[in-house]
Amino acid sequence: MRRLEGERVRYIRLFSHLLTFSLLTLSCQSDSYKIKGYASHLNDGDTIVLALEDHQQKILGQAIVSDGNFNMKGVTDTTVFCRAFLNRDPLTGISFFLEPGNITIELSPYPIPSRVSGTILNNEWQSLNDSVQTLGDKLIRLAEISGKTGVGNRLQLHQSIDSLHRKISSCIKNTAQRNKTNVLGKYIIDNYKEPEFK
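Not measured: the values here are computed from a predicted model.

Parameters at a glance
- Residues numbered from 1 in each chain as written.
- Predicted model: local features only at pLDDT ≥ 70, side-chain atom pairs only at ≥ 80, totals over all residues.
- Heavy atoms only, no water.
- Pairing = 2+ DSSP bridges.
- Helix = DSSP H or I, 4+ residues; strand = E, 2+ residues; numbered from the N terminus.
- Axes fitted to C-alpha atoms, helices over the stretch in contact; angles between N-to-C directions.
- Contact = heavy atoms within 4.5 Å.

### What to know about the sheet that holds strand β1 (residues 32–38)
Moving on, step 1. Read from one edge to the other, the open sheet built from 4 strands follows the order β4-β1-β7-β8, with strand pairing classed as mixed. Of all the strands in the sheet, just β4 (69–75) and β8 (115–117) have a single pairing partner and so form its edges. With direction set aside, neighbouring strand axes in the sheet form an average angle of 15°.
Moving on, step 2. By the bridge criterion, 6 bridges tie β1 to strand β7 (residues 101–106) in an arrangement that is parallel. Its bridge partner lying in β7, K36 is registered against T104.
Moving on, step 3. Along the sheet, helix α2 (residues 120–146) contacts β7 and β8; its crossing angle with β8, the most-contacted strand, is approximately 145°.

What follows is the structure, encoded as structure tokens:
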């Protein structure tokens, strides 16, 4: 009888510890986000606007630049595609996924690409942007050369250009496939139309 009572006490203690651990774990989970931004080229007092990408009149927050830095924080219960941009020059900005966690933005003056990192989706998004940017730069250089070269070399250049187009498309599709169960994959599937290659 004592043995059964002792087992019961142990189970109650174990259950109590598990319950406490569960409550602590839940209290640590958060739907808050923090954005730490760097913009060394901006002036003190410049305003950074955070808005929905597709509805930039829907402002989610603002921050003032101080010593080349800006910070924003808030709460979001869903992941949304947003844009952070310089109020006086909206082309100086970056599109990214606003989601719970710590997000880092390096804001560069247009046309230099800005960068985002910190959360899984934004790291994946930045990786895709880096790949497309690298391949796109090569494509532009080949297109410029194509206009200055003779007919014999032009066919080879067009084949190289076509190959780069295919690599860009493949890169986008692979990212969508890897992320098919999250917002990034859905965003690509909803917005990317693959070109018809010959």
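On we go.
### Observations concerning the environment of S170
Moving on, step 1. Position of S170 among the secondary structure elements: in helix α3 (residues 151–178).
Moving on, step 2. Sequence separation between S170 and E194 is 24 residues; the distance between their C-alpha atoms is 9.1 Å.

These figures capture arrangement, not role.
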